[in-house]
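# Chains, contacts and geometry: an overview
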Amino acid sequence: MPAHQPFAPVFAAVGAPAAGSPASFGHQGELGGAAQALDAAFLTRSPLLAAYLPAGYPDPVTSLDLLHQLAASADILEVGWPYTDPMMDGPVIQEAGAQALAAGFTVRHLMETVRSLAPVTHVLVMGYYQPLYRYGLRRTAEELAEAGAAGVILPDLNIDEAAPWLAEACRVGLHTVFVIAPTASDERLRRIAAAGGGMLYAPATAGVTGTTGTLSDSLPSFVRRLRTLTSLPVGAGIGVSRPEQAAHIAQFADAAIVGSAFIRAVRDAPGRAGFAAAAQLAGELRQALRVPAVTAA
């Protein structure tokens with residue numbers, strides 16, 4: 001097993017809340033089955049691989065095939081909701097989202113994608129608040145829950161303005177995963193963790209997604225700090241692209257989150273060869289998460 005310190009479980013048994021405890025990690029309300037299943041996965045199989053791809057990429061016809069190929073190795077699929085102004089994302093994801101939109105992506109396609117994937121893997125929808133708000137908070141929450149999503153990741157959702165969405169998400173049993181900043185105070189991090197669920201999303205590098213350099217030297221200490229504040233699992237993403245980086249993250253976090261590297265694999269190979277390259281990368285990343293890193297004597 002990897003030499004990381006696991007979060008303190010709040011389940012008395014897999015899939016069942018401990019007596020007198022909240023329904024799940026950080027979630028104030030009764031969770032849906034998909035959210036409970038994600039919590040159970042963290043208890044039994046951590047560290048996990050979370051793979052991100054935009055819905056409808058490279059086009060609405062072939063995207064489901066690509067996502068199902070990734071699902072063979074990824075523990076969690078983060079299905080992106082393409083948007084014209086993705087503030088956290090670098091050029092790779094921006095271009096992929098724009099390609100999906102140009103090819104005819106619709107919210108209906110997103111829901112159909114979640115419905116197809118939910119029976120075979122854990123699904124989190126990653127998007128931005130504006131398109132979700134335009135579609136309707138209640139409508140979004142109800143349709144995602146009905147489709148089988150475990151929850152959503154909203155990187156631009158400020159905890160100070162999150163109450164309307166959280167009310168709808170909790171009503172239907174969805175997790176809300178917050179992206180957190182290392183500069184936040186302990187008090188604010190506790191507040192975010194208490195409102196969210198599923199996991200906390202810790203930036204592995206500064207800046208936007210798609211960076212290919214080294215991970216932040218302060219990432220392990222930041223995750224250790226979070227473990228003193230919450231029992232939520234912690235996933236690390238942004239800039240994670242290689243198996244050796246996943247092996248490093250496995251030593252202290254509960255999930256490695258990878259996105260731009262899969263898009264680059266699809267983009268840089270012709271036709272279905274790109275799909276195979278992305279699936280192979282997912283397998284290599286998952287294997288790296290399962291094998292303890294070798295440390296120097």
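Data block above holds the structure.
Residues numbered from 1 in each chain as written. Predicted model: local features only at pLDDT ≥ 70, side-chain atom pairs only at ≥ 80, totals over all residues. Heavy atoms only, no water.

### Considering the sheet that holds strand 8 (residues 200–203)
The condition is simple: By this definition, two strands are paired if DSSP reports at least two bridges between them. Helix and strand definitions here come from DSSP, where helices need a minimum of 4 consecutive H or I residues and strands a minimum of 2 consecutive E residues; each element is numbered from the N-terminal end. Where helices are involved, their axes are fitted lines through C-alpha atoms of the stretch in contact, as for all axes, and angles between N-to-C directions lie from 0 to 180°. Note on contacts: a residue pair is in contact if any heavy atoms of the two residues lie within 4.5 Å.
Pairing in this open sheet of eight strands is parallel, and the strands run 7-6-5-4-3-10-9-8 from one edge to the other. Every other strand in the sheet has two partners, leaving strand 7 (175–177) and strand 8 as the edge strands with one partner each. Between one strand axis and the next, the sheet turns by 25° as a mean value, whatever way the strands run. Where strand 8 lies against strand 9 (residues 234–237), four bridges are found, and the strand directions are parallel. In the strand pairing of strand 9, Ala202 is matched with Ala236. Along the sheet face, helix 11 (residues 260–267) touches strand 3 (48–54) and strand 10 (255–258) and points at about 55° away from the line of strand 3.

### Describing the pairing of strand 3
Condition: Buried, partly exposed and exposed residues are distinguished by accessible area as a fraction of the type maximum, computed with a 1.4 Å probe on protein chains only: under 20%, between the cut-offs, and over 50%, respectively.
Of all seven residues that make up strand 3, seven are buried, and the element is covered over most of its length. Every second residue of strand 3 is oriented toward a common face, with Leu48, Ala50, Tyr52 and Pro54 on one face and Leu49, Ala51 and Leu53 on the other, all of them buried. Alignment of strand 3 against strand 10, held across four bridges, turns out to be parallel. Bridging from a neighbouring strand, Ala50 pairs with Ile257 of strand 10.

### Remarks on the packing of aromatic side chains
Here is the rule: When the centres of two rings from Phe, Tyr and Trp lie within 6.5 Å, Trp using its six-membered ring, the rings pair. Their planes under 30 degrees apart give stacked, over 60 give edge-to-face, and anything left gives tilted.
One pass over the full model with this rule turns up three aromatic pairs. Residues Trp81 and Tyr135 carry aromatic rings whose centres are separated by 6.2 Å and whose planes lie at 80° to one another, so their mutual orientation is edge-to-face. On the criterion of sequence distance, the pair formed by Trp81 in the loop between strand 4 (76–80) and helix 3 (91–102) and Tyr135 in helix 5 (residues 129–135) is long-range, its members being 54 residues apart. Both residues of the pair, Trp81 and Tyr135, count as buried.

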